[in-house]
Amino acid sequence: MDASVAEQLREKLNCSICLGLYRDPVTLPCGHNFCGDCIRDSWRRCEQSCPECREPCPAGAEPRRNVALSQVLELLCAAGGPGPDPDPDPDPDPRADPGPGPRADPDPDPDPRADPGPRARCPRHGRPLELFCRTEGRCACCACTVHECRLHERVLLDEERREREGQLRARLEVTQQRSTQAETQLQDLQQQTTHIQSSACTLASMVSSKFSCLLQALEKRQALVLENIETAKTRALAQIQDEEQQLRGHLEALTQYGRRVHDLLTQGDHQTFLQESQQLLEPPAPLGPRTPVQWDEDEQLSDLKESLSPLCGLLLEEQHPPRMPAKAAHSLPADTVGPQALVSSMLCPLRKQLWQYYRNLTFDPASANRHFYLSHEDQQVTHHREPQGPARPGSFELWQVQCAQGFRAGRHYWEVLTSDHSVTLGVTYPELTRRKQGMNTDNIGRGPDSWGLCIHEDSVQAWHDGKAQRLPRASGRLLGMELDLDVGYLTFYSLEPQAQQLHTFNAFFNHPVYPVFWLLEGRTLTLCHHPVTQEAEI
């Protein structure tokens, strides 16, 4: 068997999991083959699907033994494996170059060509081996050049050796250069490791010191505030006690006066009554308005709030809020764009975590429907009644536009701002048709190659493969999309007044994925850009 054919056959008979020849080969419903133990071990550690095409297998299904492939492997093993086939000629050609293993030569003497030294002779002609046949790759004598190697390329042995020595020296030099380069890179990595460890230790010490000082300052501030509260409490209670004593004294005077009046009213002697009533003074005068108690909770906390508010703001503020494209605020309604539209979710921890994977996107002008007008460096699209002109090749006949950037792997997140409801946002494979089919005004989520979320005035729907799932109503002005191609999910978020998960699709994305959008007439959609995020690329 030809060596190249044998090598190709060996590659075809290798298991893609263990990279060795099949052992007890089995077949999955998708048609791919694996070693029986390999696929069972893979299913024990991962989900039950094909490791090559990711097609899920039914729960409880067992792989079927591939009888034909097993028989082929048995035949190859019986024939000595899928390596080079043995020579069918029982009398081996003495000119053949012996391999590294034992030679099937009936002559018990070693082949002198294995070490063509000064005394080496041709086993067929008995002459010294002075030449090298490059065509057959063997040493030859002068008689061989007259008969077998007459039309072949031949050189002297010394010349061939010098040429090959030169090649080996060049390879050795390249190997040494690569080794030196690898050692240099290794040293750089070790230096970086040392630097990072030292820097991390210094940063940790600095942060610990600052937090320690901060805690001490907070403790002192706490003690001062508590002391002020205690002083204010003592002063207020003392004021109340003084007023309470005055009121008690006044009440006692009123009681005594009332008793004297009562005694006069019960006096039976008219002369005594008249004399004593004439001498009776006026009742005690009122004390007058009370002085308000000097106690105000807001006043006690005002200094504390003043000192803690900057600290709380520093701890809670977002470091890099998304920015609108230049002049975007002038092209959207006043109630849509403004600080509140982008700041309302600033304190949401979920949104702050998602910003680690933020991607700045732009629209692809070549894909935009002819009623769509792009602006602000292709970051904003508006649907107008009047078209710009004839449809461009490759543009959507539907009211849709696709992003210029796509993703093959990894985790990504982006945000959009809409002027009103009646928009659809999603992702799609590149194969999404541009032509209008049927009565639908959009095809996002209508087939197996796209996933979409439709925001209407009175409903929200998630679409995929022609099936819709109705969702609770939510704000559709500021929206976020999270795509994780490695794990396999697409999540939509409503970001007003805080990040709220709307829906998650779980899927294995086996092609590049592009963001895509649909807009009703009069709507505007803007791709929000993160100020420090690089442009997204496939």
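Here, every reference points to the structure presented above.
So, how was this worked out
Residues numbered from 1 in each chain as written. Predicted model: local features only at pLDDT ≥ 70, side-chain atom pairs only at ≥ 80, totals over all residues. Heavy atoms only, no water. Helix = DSSP H or I, 4+ residues; strand = E, 2+ residues; numbered from the N terminus. Buried < 20%, exposed > 50% of the residue type's maximum accessible area, 1.4 Å probe, protein only. Contact = heavy atoms within 4.5 Å. Areas by Shrake-Rupley, 256 points an atom, 1.4 Å probe, with all protein chains shown as cover. Core = buried A, V, L, I, M, F, W, Y, C linked by side-chain atoms within 4.5 Å. Patch = residues over 30% accessible without salt bridge, like charges linked within 9 Å, V, L, I, M, F, W, Y side chains within 5 Å. Salt bridge = Lys/Arg side-chain N within 4 Å of Asp/Glu carboxyl O. Pairing = 2+ DSSP bridges. Axes fitted to C-alpha atoms, helices over the stretch in contact; angles between N-to-C directions. Phe/Tyr/Trp six-rings, centres within 6.5 Å; stacked < 30°, edge-to-face > 60°. Lys NZ or Arg CZ within 6 Å of the ring centre and 35° of its normal. Lys, Arg positive; Asp, Glu negative; His and termini not counted. Charge placed at Lys NZ, Arg CZ, Asp CG, Glu CD.

Chemist: Describe the overall build of the protein, naming the residues involved and giving the relevant values.
Modeler: Each helix and strand counted, the protein has nine helices and 19 strands in total. Residue burial in the protein is summarised as follows: out of 538 residues, 32% are buried. Counting only contacts in the protein whose residues sit at least 6 apart along the sequence, the fraction spanning at least 24 positions is 60%. On the protein, roughly 34,200 Å² of surface is accessible, and the fraction owed to carbon and sulfur atoms is 53%.

Chemist: Would you mind going over the nonpolar core in detail, with residue names and values included?
Modeler: The biggest cluster of nonpolar side chains holds 35 residues, and the ones touching the most others in it are Trp 414, Leu 490, Phe 509 and Phe 517. In contact with Phe 517, other than residues within four places in its own chain, are Phe 363, Trp 399, Gln 400, Val 401, Cys 403, Trp 414, Val 416, Thr 424, Leu 425, Ile 444, Leu 525 and Leu 527. The next biggest cluster of nonpolar side chains, apart from the first, holds 15 residues, and it includes Cys 15, Val 26, Ile 39 and Leu 73.

Chemist: Tell me about a nonpolar patch on the surface, and please be specific about residues and values.
Modeler: A surface patch of nonpolar side chains, amounting to about 590 Å² of accessible area, comprises Leu 203, Met 206, Val 207, Phe 211, Leu 214, Leu 215 and Leu 218. With respect to the helices and strands, Leu 215 occurs in helix α5 (residues 157–265).

Chemist: How would you sum up the sheet that holds strand β18 (residues 514–519)? Please name residues and give values.
Modeler: What the six strands build is an open sheet, ordered β9-β18-β11-β12-β13-β14; its pairing is antiparallel. For this open sheet the edge positions go to β9 (400–402) and β14 (467–471), each flanked by a neighbour on one side alone. Each neighbouring strand pair of the sheet contributes to a mean axis angle of 20°, computed without reference to strand direction. In the sheet, strand β11 (residues 423–428) pairs with strand β12 (residues 450–455) via six bridges, with the strands oriented antiparallel. Of the residues in β12, the one forming a bridge with Leu 425 is Leu 453.

Chemist: Would you mind going over the pairing of strand β7 (residues 372–375) in detail, with residue names and values included?
Modeler: Judged from the four bridges that link them, β7 and strand β8 (residues 380–383) form a sheet pairing that is antiparallel. By the bridge assignment, Leu 374 is partnered in β8 with Val 381. Between β7 and β8, which pair antiparallel in sequence order, lie four residues; one of them, His 376, sits at a positive phi of approximately 55°.

Chemist: Lay out the packing of aromatic side chains with the relevant residues and their values.
Modeler: Inspection of the entire model under this criterion finds six aromatic pairs. Aromatic side chains Tyr 358 and Tyr 413 sit 5.7 Å apart centroid to centroid with 80° between the ring planes, which places their arrangement in the edge-to-face category. Of this pair, Tyr 358 sits in the loop between α9 (349–354) and β7 while Tyr 413 is found in strand β10 (residues 411–418), placing the two residues 55 residues apart along the sequence. The two residues Tyr 358 and Tyr 413 agree in class, both being buried. Here the aromatic rings of Phe 492 and Phe 505 are separated by 6.2 Å at their centres, their planes lie at 80°, and the arrangement is edge-to-face. Separated by 13 residues along the polypeptide, Phe 492 in strand β16 (residues 489–494) and Phe 505 in strand β17 (residues 500–506) bring together distant segments of the chain. Judged by its relative accessible area of 1%, Phe 492 falls in the buried class. Classification of Phe 505 as buried rests on a relative accessible area of 9%. Among the aromatic residues, ring-to-ring pairing joins Tyr 429, Trp 451 and Phe 509 into one connected group. Note that Arg 434 overlies the ring of Phe 396, its terminal NZ or CZ placed 4.4 Å from the centroid. Above the ring of Trp 463, the side-chain terminus of Arg 446 is found at 3.9 Å from the ring centroid.

Chemist: Lay out a negative patch on the surface in plain terms, naming residues and giving numbers.
Modeler: Judged by side-chain charge, Asp 296, Glu 297, Asp 298 and Glu 299 come together as a negatively charged surface patch. Along the polypeptide, Glu 297 turns up in helix α7 (residues 297–316). What makes Glu 297 exposed here is its relative accessible area of 56%.

Chemist: Requested: an account of the pattern of salt bridges, with residues and values cited.
Modeler: Summed over the entire model, instances satisfying the criterion amount to 18 salt bridges. Linking Glu 415 and Arg 351 is a salt bridge whose minimum nitrogen-to-oxygen distance equals 2.9 Å. Highlighted residues: Glu 415 in strand β10 and Arg 351 in helix α9, separated in sequence by 64 residues. Like Arg 351, Glu 415 is buried. For Arg 435, the salt bridge identified is with Glu 397, shortest N-O distance 3.3 Å. Taken together, the residues Arg 435 in the loop between β11 and β12 and Glu 397 in the loop between β8 and β9 connect sequence positions 38 residues apart. For Arg 435, a relative accessible area of 58% translates into the label exposed. Among the charged side chains, a salt-bridge network with shared partners connects Arg 134, Glu 153, Glu 160, Glu 163 and Arg 164.

Chemist: Any chance you could break down the pairing of β10 for me, citing the residues and the numbers?
Modeler: The buried count for β10 comes to seven of eight residues, which makes it a mostly enclosed element. Alignment of β10 against strand β15 (residues 478–484), held across seven bridges, turns out to be antiparallel. Residue pairing in the sheet places Trp 414 in a bridge with Met 481 of β15. With four bridges connecting them, β10 and strand β19 (residues 524–528) associate as antiparallel partners. Bridge pairing in β19 links Glu 415 to Cys 528.

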